[in-house]
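Commentary on secondary and tertiary structure
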Amino acid sequence: MKYAVLADVHANLAALEAVMKDIDHGKVDELWCLGDLVGYGPDPAECINLIRQYCSFCVAGNHDWAAAGKISTEYFNPEAAYAARWTTTKLAEDDIQYLAMLPLKINLENFSLVHGSPREPIWEYVLSTNVAEENLRFLETSCCFLGHSHVPLVFECQDSCTLRRFEVDVPLNLSVKRLFVNPGSVGQPRDRDTRASYAIFDNNTNQIVLYKVPYDISAVQRRMAAAALPRSLIERLKYGA
Ligand code: ZN
């Protein structure tokens, strides 16, 4: 089976559509979503609609629950908090219900899906081997797919964890037993690569491949400007940071 893993769409419809096109439905059996469907970008309802239609499993991100009014935005920076409030005004009650009902964690045989980390699914960033190691005792499956940092990363772990290189288009053999895998962000990458990021995992070959897809960034920036979303959020798409 082949699984496409998407994280941090952030209401960027053009990026999500480019990824969906790239995925090629005929070759992928399921789509999994790691949260933060909304927040920052100009098209929250449209992105929720696509994810609901095509993703078999989806977990909640901090921006999803903030837009649904389920968590406070007091720990958000002012721009993110503004975008969360703006997002809420653009959603129908049904969309808000959908975001509010997203689970924190999904366990699927050998895989778990979370937004942040197994220890703290909404808020924690797994960006270092230390944090990955601290999360090992909260890992209920052999492999955990996670998002939140918007940076593609693979941590391979036994008693301790090491950071593997996760290069675009290069199949990575997942030979060891315990892993944390971040496929990067569809809608707001922060690894200095402006393209939309996602990964495809094949459980027959036990390989995962990171893909990056270009899309029309300036069209999204124009839509954000028209919606009067914060300038810093518009600018950062240009830098992938
Ligand atoms: Zn995010």
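For the structure, check the block above.
Residues numbered from 1 in each chain as written. Predicted model: local features only at pLDDT ≥ 70, side-chain atom pairs only at ≥ 80, totals over all residues. Heavy atoms only, no water.

**Notes on the state of the cysteines**
In plain terms, the rule: Our working definition of a disulfide is a cysteine sulfur pair at a distance within 2.5 Å. Each residue's exposure class comes from its accessible area (1.4 Å probe, protein chains only) as a fraction of the maximum for that residue type: buried when under 20%, exposed when over 50%, partly exposed otherwise.
In the structure shown here, the tally under the stated rule is one disulfide. Shown here is the disulfide that connects cysteine 157 with cysteine 161, its sulfur atoms set 2.2 Å apart. Measuring handedness by torsion sign, the sulfur bridge of cysteine 157 and cysteine 161 sits at about 105° and is right-handed. Of all cysteine sulfurs, the one in cysteine 33 lies closest to cysteine 58, which takes part in no disulfide; the gap is 3.0 Å. Left without a disulfide partner, cysteine 143 is nearest to the cysteine sulfur of cysteine 144, which lies 7.1 Å away. Looking at cysteine 143, the relative accessible area reads 4%, which means it is buried.

**Some points on the coordination of the zinc ion**
The cut-off we apply is this: For Na, K and Ca the donor cutoff is 3.2 Å, while for all other metals N, O and S atoms count as donors only within 2.8 Å; water does not appear among the atoms, so some sites may look incomplete.
Here the zinc ion is held by the protein donor atoms Asp8 (OD), His10 (NE2), Asp36 (OD) and His150 (NE2), which lie 2.1 to 2.3 Å from it. Its relative accessible area of 0% is what places aspartate 8 among the buried residues.

**Some details on the nonpolar core**
Rules: Here, nonpolar core means buried Ala, Val, Leu, Ile, Met, Phe, Trp, Tyr and Cys residues that are tied together by side-chain atoms lying within 4.5 Å of each other. Put simply, DSSP H or I for four residues or longer makes a helix, DSSP E for two residues or longer makes a strand, and each gets a number counted from the N terminus. Note on contacts: a residue pair qualifies if any of its non-hydrogen atoms lie within 4.5 Å across the two residues.
In terms of nonpolar packing, the biggest core is built from 54 residues, with Leu6, Leu16, Leu37, Ile51 and Leu99 touching the most fellow members. At seven residues, helix H1 (residues 13-23) tops the list of elements feeding residues into this core. Not counting residues within four places of it along the chain, the set of residues in contact with leucine 99 comprises Leu37, Val38, Ile48, Asp64, Trp65, Ala67, Ala68 and Leu91.

**What about unusual backbone geometry?**
Among all residues save glycine, negative phi is the norm, and among peptide bonds the norm is trans. Although it is not a glycine, aspartate 36 adopts a positive phi angle of roughly 60°. Classification of aspartate 36 as buried rests on a relative accessible area of 1%. Unlike most non-glycine residues, histidine 150 shows phi in positive territory, near 65°. If you trace the backbone, histidine 150 turns up in the loop between strand S6 (143-145) and strand S7 (153-157). Overall, the relative accessible area of 1% leaves histidine 150 in the buried class.

**As for the packing of aromatic side chains**
Quick reminder of the rule: The rule is short: rings of Phe, Tyr and Trp, with Trp giving its six-membered ring, pair when the centres are within 6.5 Å, and they are stacked under 30 degrees, edge-to-face over 60, tilted in between. A ring is considered to have a charge above it if a Lys NZ or an Arg CZ atom is located within 6 Å of its centre and within 35 degrees of its normal.
Evaluation of the coordinates by the stated rule reveals 11 aromatic pairs. On the numbers, 5.9 Å between centres and 65° between planes, the contact of tryptophan 32 with phenylalanine 145 is edge-to-face. Taken together, the positions of tryptophan 32 in strand S2 (residues 30-33) and phenylalanine 145 in strand S6 put the pair 113 residues apart, joining distant regions of the chain. The exposure classification of tryptophan 32 matches that of phenylalanine 145, with both residues buried. Joined through ring pairs, the aromatic side chains of Tyr3, Trp32, Phe111, Phe145 and Phe201 make up one cluster. A cation sits over an aromatic face here: lysine 70 above tryptophan 65, 4.1 Å from the ring centre.

**Brief notes about the packing of helix H2 (residues 44-54) against helix H5 (residues 93-101)**
Where we set the bar: Working convention: axes come from line fits to C-alpha atoms, limited for helices to the stretch in contact. Angles between N-to-C directions cover 0 to 180 degrees. Note on terminology: angles under 35 degrees are roughly parallel, angles over 145 are roughly antiparallel, angles of 65 to 115 are roughly perpendicular, and the others are oblique. Whether a crossing is left-handed or right-handed is set by the direction in which the near helix is turned from the far one by less than a right angle, anticlockwise for left-handed and clockwise for right-handed. The nonpolar class holds Ala, Val, Leu, Ile, Met, Phe, Trp, Tyr, Cys and Pro. Asp, Glu, Lys and Arg form the charged class, and all remaining residues, Gly among them, are polar.
Between H2 and H5, whose axes approach to 11 Å, the crossing angle comes to 60°. Between H2 and H5, the crossing angle belongs to the class labelled oblique. As for how H2 packs across H5, the hand of that crossing is left-handed. For the pair H2 and H5, contact is made by Ala45, Ile48, Ile51 and Arg52 and by Asp94, Asp95, Tyr98 and Leu99, respectively. Of the residues in the contact of H2 with H5, the class split is five nonpolar, no polar and three charged.

This is a description of form; function is not addressed.
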